[in-house]
Amino acid sequence: HKIEFIQGDIRDLGLLRRAFAGAEVIFHEAALPSVPRSIADPLATNENNIDGTLNVLVAAKEMGVKRVVIAASSSAYGDTERLPKVENMPANPLSPYAVTKYVGELYGRVFSRVFGLETVSLRYFNVFGPRQDPASQYAAVIPKFILAMLRGEQPLIHGDGNQSRDFTYVDNVVEANLLAAKVPGIGGEVFNIGCGARFTLNELVAALNRILGTRITPRYGPPRPGDVRHSLASIEKAGKLLGYRPTVGFEAGLKRTVDWFVALDGEGGRERH
């Protein structure tokens with residue numbers, strides 16, 4: 001298969017039209033992530049995640065694309081007392097980032113109903129795996145913790161560490177995207193994509209210590225505004241309608257991720273971070 005790489009920006013509608021010509025399915029994974037970044041710069045988050053998503057949908061409609069699979073976010077739920085989080089629960093976004101990801105879903109649903117463009121939104125739950133960048137101040141927690149602990153440093157936890165997440169290894173998310181691209185009759189639907197299990201940040205550090213053979217204790221700092229306390233996906237709907245079943249569990253995925261970072265450091269990766 002020939003793969004064509006186009007370096008561009010989803011805020012460029014003309015570029016999207018050219019890129020989508022002849023395509024049947026678009027996987028819309030582009031976004032400006034991070035809750036803290038969205039609080040620091042809500043305008044940039046809005047421009048990329050809402051305007052950019054609207055551009056993707058408009059270009060897809062104009063170019064005759066059959067289906068758009070949208071990377072949505074579990075952040076749409078906010079702090080619900082009820083767990084697991086089920087797709088028909090009311091949205092309650094707690095940050096500009098969460099608002100923008102939820103609006104992307106709403107636009108997708110409207111484009112399905114009004115324009116007949118099939119859209120499927122996948123609410124990702126804390127995706128992790130190899131190639132995640134740990135260097136940014138806005139990096140996701142797992143690569144940040146792995147890099148710190150490989151260097152013998154204490155990872156920094158915001159809050160008491162008992163906040164929990166449904167950490168989802170990237171292979172599970174890839175499989176969900178492929179299913180969402182080909183299963184018929186699901187235009188306009190929203191699905192949770194997680195593992196249906198949750199682990200606290202303290203348990204994450206303990207698991208990394210087991211994998212690395214270390215005994216590093218975390219540092220604790222003040223909680224961050226906009227952070228959700230607990231997150232756990234109900235994956236019943238995705239199982240029923242998509243045939244989705246997570247195949248890589250939390251600790252197995254964590255081991256693969258650590259192995260990748262160790263190999264990268266062996267190649268002089270630390271300097272490249």
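The model shown is predicted, which means the values in this text are computed figures rather than measured ones.

Draft legend 1. Quick peek at the pairing of strand E3 (residues 118-124). For E3, the tally of buried residues reaches six of seven residues, placing the bulk of the element in the interior. This β-α-β element, strand E2 (residues 67-73) to helix H4 (residues 96-115) to E3, shows right-handed connectivity. Strand direction decides the pairing type here: E3 and strand E8 (residues 189-193), joined by five bridges, are parallel. Bridge pairing in E8 links Val120 to Glu189.

Draft legend 2. Inspection of helix H3 (residues 42-62) at higher detail. Relative to the 30 Å expected for 21 residues at 1.5 Å per residue, H3 spans 29 Å between its end C-alpha atoms, a close match to the ideal helical length. Helix geometry: H3 is bent most strongly at Gly52, by close to 25°. Residue Gly64 follows H3 closely and has a positive phi angle near 75°.

Draft legend 3. Geometry of the nonpolar core. Judged by nonpolar contacts, the single largest core of 21 residues is most densely connected at Leu122, Phe191, Ile193, Leu242 and Tyr244. Elements supplying a minimum of two residues to this core: E2, E3, helix H6 (170-182), E8 and helix H8 (236-242). If you tally residues by element for this core, the top one is H6, at four residues. Residue contacts for Leu242: discarding those within four places in its chain leaves Leu122, Leu179, Ala180, Val183, Ile186, Phe191, Ile193 and Lys237. Grouped together as the second largest cluster of nonpolar side chains are 19 residues, Ile142, Ile146, Ile216 and Leu254 included.

Draft legend 4. Seen up close, the packing of helix H5 (residues 141-150) against helix H7 (residues 201-212). At their nearest, the axes of H5 and H7 sit 11 Å apart, and the two run at 45° to each other. The orientation of H5 relative to H7 falls into the category oblique. Note on packing geometry: the crossing formed by H5 with H7 is right-handed. Counting all contacts with H5, which are made through Val141, Ile142, Phe145, Ile146, Met149 and Leu150, the residues of H7 involved are Leu201, Leu204, Val205, Leu208, Asn209 and Leu212. Its residues assigned to classes, the contact of H5 with H7 shows 11 nonpolar, one polar and no charged.

Draft legend 5. Representation of H5. Burial analysis of H5 places seven of its 10 residues in the buried class, the great majority of the element. Buried residues of H5: Ile142, Pro143, Phe145, Ile146, Leu147, Ala148 and Met149, and no others. Just downstream of H5 lies Gly152, where phi reads positive at about 75°.

Draft legend 6. A look at the sheet that holds strand E1 (residues 25-28). Spatial ordering of the open sheet is given by E1-E2-E3-E8, a layout of four strands whose pairing is parallel. The sheet terminates laterally at E1 and E8, the two strands that pair on one side only. For this sheet, the mean inter-axis angle between neighbouring strands, taken without regard to orientation, is 20°.

Draft legend 7. Representation of unusual backbone geometry in the model. Of the consecutive residues Leu83 and Pro84, the connecting peptide bond is found in the cis state with omega at -5°. Position of Pro84 among the secondary structure elements: in the loop between E2 and H4. In this structure, Ser34 takes a positive phi of about 95° despite not being glycine. By the secondary structure assignment, Ser34 is in the loop between E1 and helix H2 (35-40). Although it is not a glycine, Arg131 sits at a positive phi angle of roughly 80°. Considering the arrangement of structural elements, one finds Arg131 in the loop between strand E4 (127-128) and H5.

Definitions and cut-offs
- Residues numbered from 1 in each chain as written.
- Predicted model: local features only at pLDDT ≥ 70, side-chain atom pairs only at ≥ 80, totals over all residues.
- Heavy atoms only, no water.
- Buried < 20%, exposed > 50% of the residue type's maximum accessible area, 1.4 Å probe, protein only.
- Helix = DSSP H or I, 4+ residues; strand = E, 2+ residues; numbered from the N terminus.
- Right-handed = clockwise from strand over helix to strand, strands pointing away.
- Pairing = 2+ DSSP bridges.
- Expected span 1.5 Å × (residues − 1).
- Bend = angle between axes of the 7 residues up to and from the residue.
- Core = buried A, V, L, I, M, F, W, Y, C linked by side-chain atoms within 4.5 Å.
- Contact = heavy atoms within 4.5 Å.
- Axes fitted to C-alpha atoms, helices over the stretch in contact; angles between N-to-C directions.
- Parallel < 35°, antiparallel > 145°, perpendicular 65-115°, else oblique.
- Left-handed = near helix turned anticlockwise from the far one by under 90°.
- Nonpolar A, V, L, I, M, F, W, Y, C, P; charged D, E, K, R; others polar.

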